[in-house]
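# Observations on the model geometry
What follows is the residue order along each chain.
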Amino acid sequence: MPTRLQRLFPPLVWLRGYQRHTLAQDILAACIMTVLVIPQSLAYALLAGLPPETGLYASILPLLGYALFASSRTLAIGPVALIALMSATAVGSIVDQGLAGYGAASLALALLSGVILFCMGAARLGFIANFISHPVISGFITGSALVIIVSQLGSLFGVDTRGANVIALLRSLWTNLASFSLATLAIGGSVIVFLVLARRFARRLLESMKLPPTVASTLARLAPMVAVVATSLLAAGMQLDSQGVAVIGNLPQGLPPLAIPQVTWTLLEALVVPAFLISLVIFVESTSIAHRMAARRGERLDPNQELMGLGAANVTAAFTGGLAVAGGFSRSVVNDEAGAQTQMASVFTAIGIGLVTVFFSGLFYFLPEATLAATIIVAVTTLVDLRGLKDTWRYSRQDGMALVATLLVTLLIGITEGIVVGVGLSLLLYLYRTSRPHIAIVGRIPGTEHFRNEKRYQVETDHRVVIMRVDEAIYFANAQYLEDRIGGVIRQRPEATDLILMCTGVNTIDASALDILDTINTRLQGAGLRFHLSEVKGPVMDKLQTTRFMANLSGRVFLSTFEAWHTLTVRPPQTTTEVAP
């Protein structure tokens, strides 16, 4: 049984059994990951509006911060497209207000996001992510991916574009399109074609060369690095930087500088809302990937530990000149397929990127920015889920409308507004659905002890006894609806003498609902009806036992609905107020 310290720091558990062959697998995975992560890190730093080396800094020490607390053994942390774009939007707003410089605001945002994530984990608040519905997440991610794609068209054409939404970005692109660079477009377009073809055919080609499927899949995912090397050599050989092709240029050599983010109270007030939203997206995106990895490997995932790990990673990023980080899908899949066994693979990846930053950063001087833009465009196309939109709309119009609304707001207004609308719609949909729970009038299936909806099955009923089943917790938002439904049913059945509330789906009854149940009991009693409960769950019954409602209940609490049916229909109705045990 793990101790409290081991639960807080999961590496203390798996490091005890760390063996030589595990070490070899983690080192191999780290070598592959280092090659994959470098172009992604550079690209996503530019997407966030930061110098490219910031992406490398965010891929070193933050990986160690996450590994210290993480329950997932293979989730790979670093800059990701969605968080980079959200960061750029939030930081851009801060800069426009004159509250801080771009770099300082970015570090403050990473710091605040990390503190929020860590505190949520320490307070065991991992369940909060469950309040965002999957359709809303899907709409937000699809909309964000489309915004990211449009935002990279400027780099692809060699022109400057600015804007917080698709309309503004396209207008900016159109305004500056006359100054586009044909050489830049040729490089970016070629890289897109290469990456798309590699995604479709590289694995199959490598497998035809007798490589194992796992090795072929891993190598196929390294196509972005092939594009980086090829276009860098091309740009250097043809001196394309002097022909209008934007290149990365000089990257600072050395490890990231350790510095305390410059944070003021005014800056914190301006960043707290976007930081909370970014933290929520970081957690949802990262844990959804981690759950897939854990399920594949038969491992247990602790959402609260993940919150603390992600928080530590972002706090570390803030103190090392990086940007907000999260779990990345492509890098996590490659990490897993490359044979990573523990978070030591991430530690070795951080060491590898650190070595590149110290000794080899000059190799990226001629890397065209169009190559990185093409890499981003191809990478985020996997996030566009139009099929999910169609399936959701077909299954549930309410969820479909929430998805479309979130998608449109994200596209037409902005990323931050999209997630705010998405969270709001998730909560509104939950309240709407639970405020009008499914309530069925049930009867007995002949010859059995089962009771089903009389509109769906051929059932036995008794004109004196009405049995109503509530398929939802009874709480403040739906208690009045329940009272109205009961009143309507009783008015339609004036011959009824007893009403049984079947509570098989009731997991909780709050104080507001208890008052309504007491009112229902009083009104039924005044109309000459007894009010009974059946199949009340133990925890709910424990709370009801000490209430005034139970003392005044005109009927009984039956262990089963069949017992209530048998008592009230086979034998003459009793006038007792006894509560069945």
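Here is what the cut-offs are and how they apply
- Residues numbered from 1 in each chain as written.
- Predicted model: local features only at pLDDT ≥ 70, side-chain atom pairs only at ≥ 80, totals over all residues.
- Heavy atoms only, no water.
- Buried < 20%, exposed > 50% of the residue type's maximum accessible area, 1.4 Å probe, protein only.
- Helix = DSSP H or I, 4+ residues; strand = E, 2+ residues; numbered from the N terminus.
- Pairing = 2+ DSSP bridges.
- Core = buried A, V, L, I, M, F, W, Y, C linked by side-chain atoms within 4.5 Å.
- Contact = heavy atoms within 4.5 Å.
- 1 Å grid on protein atoms, 1.4 Å probe; cavity = no way out; pocket = protein on both sides within 12 Å on 5 of 7 lines; lining within 4 Å.
- Points joined across faces, edges and corners; volume = space filled by probe spheres on them.
- Nonpolar A, V, L, I, M, F, W, Y, C, P; charged D, E, K, R; others polar.
- Phe/Tyr/Trp six-rings, centres within 6.5 Å; stacked < 30°, edge-to-face > 60°.
- Expected span 1.5 Å × (residues − 1).
- Polar contact = N/O pair within 3.5 Å; in protein donor to acceptor, adjacent residues only side chain to side chain.
- Salt bridge = Lys/Arg side-chain N within 4 Å of Asp/Glu carboxyl O.
- pLDDT = per-residue confidence, 0-100.
- Right-handed = clockwise from strand over helix to strand, strands pointing away.
- Axes fitted to C-alpha atoms, helices over the stretch in contact; angles between N-to-C directions.
- Parallel < 35°, antiparallel > 145°, perpendicular 65-115°, else oblique.
- Left-handed = near helix turned anticlockwise from the far one by under 90°.

What follows is about the pairing of strand β3 (residues 439–444). Of all 6 residues in β3, 6 are buried, a share of seventy percent or more. By the alternation rule, side chains of β3 split into I439, I441 and G443 and A440, V442 and R444, which are all buried. Direction of pairing for β3 relative to strand β5 (residues 465–470): antiparallel, over a ladder of 4 bridges. In the sheet register, I441 faces β5, and the bridge partner there is M468. Note that β3 and strand β4 (residues 451–453) share 3 bridges and pair antiparallel. Following the sheet pairing, R444 is matched in β4 by F451. If you look at the hairpin formed by β3 and β4, you'll find 6 residues sitting between the two strands, and G447 has a positive phi there, around 80 degrees.

The next point concerns the nonpolar core. By size, the foremost hydrophobic cluster in this structure holds 118 residues, and its most contacted members are L42, L47, I83, M86 and F364. With 14 residues, helix α14 (residues 265–297) is the single largest residue contributor to this core. In this view, L42 contacts P52, L56, L251, F364, L367 and L372; residues no more than four positions away in its chain are not counted. Counting 35 residues, the second-largest nonpolar core is a separate cluster that includes V470, I490, L524 and L553.

What follows deals with the layout of surface pockets. The computed volume of the second largest pocket comes to approximately 960 Å³. Of all elements in the fold, only α3 (20–47), α6 (81–96), α8 (134–151), α9 (153–157), α18 (369–380) and α21 (415–435) reach the threshold of two or more residues within the lining of the second largest pocket. Considering each element in turn, the lining of the second largest pocket owes the most residues, 7 residues, to α6. The class makeup of the residues in the lining of the second largest pocket is 19 nonpolar, 14 polar and 5 charged.

So, about the packing of aromatic side chains. What the rule picks out here adds up to 8 aromatic pairs. Taking 4.9 Å as the distance between ring centres and 80 degrees as the angle between the ring planes, the aromatic pair formed by Y475 and F476 counts as edge-to-face. A residue is classified by how much of its surface remains accessible, and Y475, at 11% relative accessible area, is buried. The exposure class assigned to F476 is exposed, which follows from its relative accessible area of 56%. An aromatic cluster of three or more residues is present, and its members are F9, F69 and F118.

The phi angle at R124 is positive, at roughly 60 degrees, despite the residue not being glycine. Counting through the fold element by element, R124 comes out in the loop between α7 (102–122) and α8. With relative accessibility at 44%, the residue R124 sits in the partly exposed group. Despite not being glycine, Q239 shows a phi value in the positive range, around 50 degrees. Considering the arrangement of structural elements, one finds Q239 in the loop between α13 (223–238) and α14. A relative accessible area of 39% places Q239 in the partly exposed class.

Moving on to helix α22 (residues 479–492). The end-to-end C-alpha distance of α22, which contains 14 residues, comes to 20 Å, matching closely the 20 Å that a straight helix rising 1.5 Å per residue would cover. Next to the buried residues of α22 lie α21, β3, β5, β6 (498–502) and α23 (511–526).

Moving on, we get to empty space enclosed by the protein. A complete count under the given rule lists 3 cavities of 30 Å³ or more for this structure. In this structure, the largest cavity is lined by L82, I132, V136, I137, F140, I141, V281, V284, E285 and I419. Elements with a minimum of two residues in the lining of the largest cavity: α8 and α14.

Here the focus is the side chain of N521. With respect to the helices and strands, the residue N521 is situated in helix α23. Here the side chain of N521 touches S554 through a polar contact of 3.0 Å, landing on its backbone nitrogen. When sequence neighbours within four positions are dropped, the list of residues in contact with N521 reads F531, F549, N552, L553 and S554.

Let us now look at the environment of P257. Inspection of the secondary structure puts P257 in the loop between α13 and α14. Spatially, the C-alpha atoms of P257 and G322 are 9.7 Å apart, while their sequence positions differ by 65 residues. In contact with P257, not counting residues within four places along its chain, are Y57, F319, T320 and G321.

Okay, the pattern of salt bridges next. Under the definition given, this model contains 13 salt bridges. Here D160 makes a salt bridge to R162, at a shortest N to O gap of 3.4 Å. For R464, the salt bridge is made with D462, and the minimal N-O distance between the two is 3.3 Å. Its relative accessible area of 16% is what places D462 among the buried residues.

In the predicted model, the protein chain carries a mean pLDDT of 88, and the fraction of residues at 70 or more is 98%. pLDDT under 50 marks residues 573–581. Its contacts with residues more than four places away, or in other chains, come to 21 contacts.

On to the pairing of β5. Counting buried positions along β5 gives 6 out of 6 residues, so the element sits mostly inside the fold. Inspection of the sheet shows β5 paired to β6 by 5 bridges, in the parallel sense. Within β6, the position partnered with R469 by the bridge is M502. Where the polypeptide runs from β5 across α22 and back to β6, its parallel neighbour, the crossover connection is right-handed.

A few words on the environment of Y475. By the secondary structure assignment, Y475 is in the loop between β5 and α22. Setting aside anything within four residues of it in sequence, one finds Y475 in contact with Y430, L431, T434, S435, D510 and A513.

In spatial order, the strands read β4-β3-β5-β6-β7-β8; together these 6 strands make up an open sheet with mixed pairing. Lying at the two open borders of the sheet, with one neighbouring strand each, are β4 and β8 (557–558). Relative to strand β7 (residues 530–534), β6 runs parallel, the two sharing 5 bridges. Paired with M502 across the strands is S534, a residue of β7. Strand contacts of α22: β3, β5 and β6, with the helix running at about 155 degrees to β5, the strand carrying the most contacts. In the packing of α23 onto the sheet, contacts are made with β6 and β7, and the angle to β7 comes to roughly 140 degrees.

Looking now at the packing of α8 against helix α10 (residues 166–176). Relative to each other, α8 and α10 sit at 15 degrees, their axes nearing to 9 Å. Relative to α10, the element α8 is oriented roughly parallel. Here α8 runs over α10; the crossing is left-handed. Side by side, α8 and α10 meet where V147, V150 and S151 of the first sit next to V166, L169 and L170 of the second. Residue composition of the contact of α8 with α10, by class: 5 nonpolar, 1 polar and no charged.

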